[in-house]
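As a plain string of letters, each chain reads:
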Amino acid sequence: MAPIYASKTKSPFTKSDNLLFDPALIPASIQESLPAGYVVRPLARSDNQVRSNSSFLKTLEVLTTVGTISDEAFQRRFQYLKEHSDQYYTIVIEDMNVPPTSAGSATSSSPSLVTPGRGKIVAAGTVLVERKFIHELGMVGHIEDIAVSADQQGKKLGLRIIETLKAIGQQVGCYKVILDCSEKNVPFYEKCGFERKGVEMGWYV
Ligand code: ACO
């Protein structure tokens, strides 16, 4: 199937209230490196299970329990992130090579504009930007909740998610981007350009 949008030279999305942050922060080169018909974009207000064909929350289930989240609760959390959109950069990869459902939104007739939720979300990740006093009010990016749907793993989507989050962190001014992971994921993050630093510790309530 041909890609859903004609141009591969720029993001098929434009800044809108539906999107968590300005898609111009996502490098066009990463969009170009995705399989045909796949798009990378900010999380959208419409990316909840109830009202869309997308499956952001389902995608996160490869990580851990997500639980039952109502549409209203999703909207409240999205609104909080949106009001702090210089801190929370959550992205998704959407596979547009799926037939639209009645629950999904219609695709724009313009090749340069694709409606979020028309396809199926297959990968997600977040970079959370921390503002420090040290390093002259430096900023650190924390990569969190990287998830690729089980049937989509091994297609370099995880790599593209990490490349995107690193690029966003760099563009907004972070002097480093860090993450915690399990031992089994170390080889993946090494492939993404990370190296071992320090030790992760946790305290659970
Ligand atoms: N061990 C060794 N190498 C790996 C592994 C692994 N577990 N996973 C990926 N790689 C390699 C691939 O072979 C590939 O190497 P290549 O460039 O030489 O071909 C490279 O890493 C990139 O792999 P991708 O295809 O981009 O990986 P994928 O899309 O499958 O995503 C991920 C990897 C995110 C770990 C995925 O398997 C996943 O979602 N797992 C379940 C959830 C999870 O563990 N998430 C990470 C939690 S940690 C955090 O969120 C900070």
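This write-up is about the structure you can find in this document.

What counts as what
- Residues numbered from 1 in each chain as written.
- Predicted model: local features only at pLDDT ≥ 70, side-chain atom pairs only at ≥ 80, totals over all residues.
- Heavy atoms only, no water.
- Helix = DSSP H or I, 4+ residues; strand = E, 2+ residues; numbered from the N terminus.
- Buried < 20%, exposed > 50% of the residue type's maximum accessible area, 1.4 Å probe, protein only.
- Contact = heavy atoms within 4.5 Å.
- Areas by Shrake-Rupley, 256 points an atom, 1.4 Å probe, with all protein chains shown as cover.
- Expected span 1.5 Å × (residues − 1).
- Pairing = 2+ DSSP bridges.
- Axes fitted to C-alpha atoms, helices over the stretch in contact; angles between N-to-C directions.
- Near = heavy atom within 4 Å.
- Polar contact = N/O pair within 3.5 Å; in protein donor to acceptor, adjacent residues only side chain to side chain.
- Phe/Tyr/Trp six-rings, centres within 6.5 Å; stacked < 30°, edge-to-face > 60°.

**Regarding the overall build of the protein**
When its secondary structure is counted, the protein shows six helices and five strands. Secondary structure elements in the protein, listed N-terminal to C-terminal, are α-β-α-α-β-β-α-β-α-β-α. Split into buried and exposed, the 205 residues of the protein put 43% on the buried side. Contacts spanning at least 24 positions in sequence make up 70% of the contacts within the protein whose residues lie at least 6 apart. When the accessible surface of the protein is summed, it comes to about 11,400 Å², and 54% of that surface belongs to carbon and sulfur atoms.

**Some details on helix 5 (residues 157–172)**
For helix 5, built from 16 residues, the straight-helix expectation of 22 Å at 1.5 Å per residue is met to within 8% by its first-to-last C-alpha distance of 23 Å. Turning to helix 5, its buried residues are Leu157, Gly158, Leu159, Arg160, Ile161, Ile162, Thr164, Leu165, Ala167, Ile168 and Gly169. Of the residues flanking the end of helix 5, it is Gly173, one or two places downstream, whose phi is positive at about 110°.

**Quick word on the sheet that holds strand 4 (residues 139–148)**
Strands pair in a sheet through their backbones, by hydrogen bonds, and they do so in one of two ways: parallel or antiparallel. Reading across the sheet, the five strands line up as 1-2-3-4-5 and stay open at both edges, with mixed pairing between neighbours. The open sheet is flanked by strand 1 (38–42) and strand 5 (174–178), the only strands paired with a single partner. Here the strands of the sheet are splayed against their neighbours by 20° on average, with no regard to which way each runs. Pairing of strand 2 (residues 88–95) with strand 3 (residues 120–131), which is carried by eight bridges, proceeds in the antiparallel orientation. Within strand 3, the position partnered with Glu94 by the bridge is Ile121.

**A word on the site of the ligand**
Around the ligand, a shell composed of 22 residues is seen, among which Ile146, Val148, Lys156, Gly158 and Leu159 lie nearest. Take Asp145: an N or O atom from its main chain is 3.3 Å from an oxygen atom of the ligand. At 3.5 Å, a backbone N or O of Lys155 approaches an oxygen atom of the ligand. For the ligand, the protein covers 73% of the area, taking 980 Å² as the surface of the free molecule. Secondary-structure elements contributing two or more residues to the shell around the ligand are strand 4, helix 5 and helix 6 (186–191).

**Remarks on the packing of aromatic side chains**
Enumeration according to the criterion identifies five aromatic pairs in this entry. Measuring from ring centre to ring centre gives 6.2 Å for Tyr80 and Tyr88, while their planes differ by 65°; the resulting arrangement is edge-to-face. With a centroid separation of 4.8 Å and 65° between ring planes, the pair formed by Phe188 and Tyr189 is classed as edge-to-face. Relative accessible area serves as the criterion here: at 27%, Phe188 is assigned to the partly exposed category. By way of ring pairs, the aromatic residues Phe188, Tyr189 and Phe194 are connected into one cluster.

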